[in-house]
Amino acid sequence: MFFKKNKTSGLTEEIRVRRCYGCGAILQDQDPNEVGYVNPEKFNSGEETLCERCYKLRHFSSFKKSPDFNLDYVTILNDAKEHGALAVYVMNAFNPAGSIIDGIGKYLPKKILVLINKTDVLPDGYKEDELVAYCQDKLLKAGITPTAIMTTSSSSVNPSNIDKVFKQIDKMRSGQSVYFVGAYQVGKSSLINCLLMMYTNSTQKMITTAPYPSTTLDVTSIPLNDGNYIYDTPGIYNPKSIISFVEPEAVKFILPRNQIKPVSLGAKEGTSFLFSNFARIDFVKGSKTDFTFYKSNDLEVSKVKLSKADSILEAIGNDLVNDCKTNRIKTVSDLVPTKVIANKATAETIRIVGLGYINYVGVDQEITVLVPKGVEILLENGRR
Ligand SMILES: Nc1nc2c(ncn2[C@@H]2O[C@H](COP(=O)(O)OP(=O)(O)O)[C@@H](O)[C@H]2O)c(=O)[nH]1
Ligand SMILES: [Mg+2]
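Values in this document were obtained by computation on a predicted structure and should not be read as measured data.

### With respect to the site of ligand 1
Next up, step 1: Taken together, 18 residues lie near ligand 1, and Ser-155, Gly-187, Ser-189, Ser-190 and Gly-235 sit nearest.
Next up, step 2: The element contributing the most residues to the shell around ligand 1 is helix H6 (residues 188–196), with three residues.
Next up, step 3: The residue inventory of the shell around ligand 1, partitioned by class, reads four nonpolar, 10 polar and four charged.

Here it is, written out as structure tokens:
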């Protein structure tokens, strides 16, 4: 590609710049944090190329998706069942619905300890008994019958209940192995890391990660001193959760890392709330009300005019410099709308599985919730 520089001192200086054919940025091989970066080898090759960022975005579909709940998991769980092992089924306290893997119930061994993890991210004033009851209801409906349920946090900053969990596991495993299972990113590996500190004498032996026999799944085996193991299985893909839909760069913004600070915004009809381009709430019609958003502090909610929402969403979808977005949503037609009618004078909750929830006082408002295909919306009180 040739670009003519302005005529200078009577000469036309012809310079050659190479541009990324995705975003048009001038390519450079000096600073990976600046736009247009390619590695020196590619840069010097002189070939037409994409900058690294565009390359990643174009090849998003090749990002390693967590495995589906498939026959490989069934093989592992059958082993667990046969050996009378303990299954530790880990849930994310902030995302109970996204922690339920459909169809897993009938394959789990008899002894199941459910750990509701990440309680450190829950907002002030959450009630533990209500959380446990909520999770239990979701588990039972999915055919998972826990032998015991505990809440915990494996956050390195704010761990809780780890010693109790350790004792409970040791009691429940009655001299057998332990299999940690659950959805992607619920904190299984972090929990095991916390627990290992209590197994000081037993971890001298090699911890290995290798495909579990007769499966393609990489399972980490941690030997215990009585000849048994803790098995850490890979997080399972859950198509209902937005976490599974977006690229790993974006997951970082969606997964709350510290305690959630709710955000309250008043709005009248004709307002739209955007969660980057992952999801959108359109307040189409009805009386003014306050909406309170419970979501990761790293994920901003933008309040915009409904009439502008489509073009703003498109701009986010095409913004190459922003990691807090998904390349899979380019226009509003890539999102699936669900119409929600609020009841009169009731507290309404809209949950977008994996993203969080929104509370508001219903006075017969009409709201449209837009999410990526397959992501589940749960309504408490309101109706579709
Ligand atoms: N705030 C908080 N973050 C956690 C907790 N447990 C895990 N995480 C974070 O959640 C992400 C997923 O954790 P990981 O253990 O890899 O999940 P896995 O996929 O179930 O093994 C990581 O970024 C962890 O740092 C927790 O109890 N609280
Ligand atoms: Mg893991």
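### Some words on the nonpolar core
Next up, step 1: Within the largest apolar cluster, 84 residues are counted, with the highest numbers of intra-cluster contacts made by Ala-87, Val-88, Tyr-89, Tyr-179 and Ile-242.
Next up, step 2: Residue contributions to this core peak at six residues, all from strand E3 (residues 86–92).
Next up, step 3: A domain split of this core shows at least three residues from each of domain 2 (71–232) and domain 3 (245–380).
Next up, step 4: Sequence-distant contacts of Ala-87, defined by excluding residues within four places in its chain, comprise Ala-80, Leu-108, Pro-109, Lys-111, Ile-112, Tyr-179 and Val-181.

### Considering the sheet that holds strand E5 (residues 148–151)
Next up, step 1: An order of E5-E4-E3-E6-E9-E8-E7 is seen for the seven strands of this open sheet, with the pairing classed as mixed. In the strand order of this sheet, the two ends are held by E5 and strand E7 (208–211), each with one partner. Averaged over all pairs of adjacent strands, the angle between strand axes in this sheet comes to 25 degrees, irrespective of strand direction.
Next up, step 2: Note: strand E8 (residues 218–223) against strand E9 (residues 229–232), four bridges, orientation antiparallel. Along E9, the bridge assignment pairs Pro-223 with Tyr-229.
Next up, step 3: Taken strand by strand, helix H4 (residues 128–141) contacts E3, strand E4 (111–117) and E5, and its axis lies near 135 degrees from that of E5.
Next up, step 4: On the sheet, H6 packs against E3, E4, strand E6 (178–182), E8 and E9 and is oriented at approximately 155 degrees with respect to E9.

### Topic: the domain arrangement of the protein
Next up, step 1: Here the protein is partitioned into domain 1 (2–58), domain 2 (71–232) and domain 3 (245–380).
Next up, step 2: Computed over C-alpha atoms, the centres of domain 1 and domain 3 are 37 Å apart.

### Observations regarding the sheet that holds strand E17 (residues 356–363)
Next up, step 1: One open sheet holds the five strands; their spatial order is E10-E13-E17-E16-E19, and the pairing between them is antiparallel. Of all strands in the sheet, those with a lone pairing partner are strand E10 (263–267) and strand E19 (377–380), marking the two edges. Between one strand and the next, the sheet's axes are offset by a mean angle of 20 degrees, whatever the strand orientation.

Analysis parameters
Residues numbered from 1 in each chain as written. Chains lettered and ligands numbered in written order. Predicted model: local features only at pLDDT ≥ 70, side-chain atom pairs only at ≥ 80, totals over all residues. Near = placed C-beta within 6 Å. Helix = DSSP H or I, 4+ residues; strand = E, 2+ residues; numbered from the N terminus. Nonpolar A, V, L, I, M, F, W, Y, C, P; charged D, E, K, R; others polar. Core = buried A, V, L, I, M, F, W, Y, C linked by C-beta atoms within 7 Å. Buried ≥ 20, exposed ≤ 12 C-beta atoms within 10 Å, placed from the backbone. Domains from an automatic or database assignment. Contact = placed C-beta atoms within 7 Å. Pairing = 2+ DSSP bridges. Axes fitted to C-alpha atoms, helices over the stretch in contact; angles between N-to-C directions.

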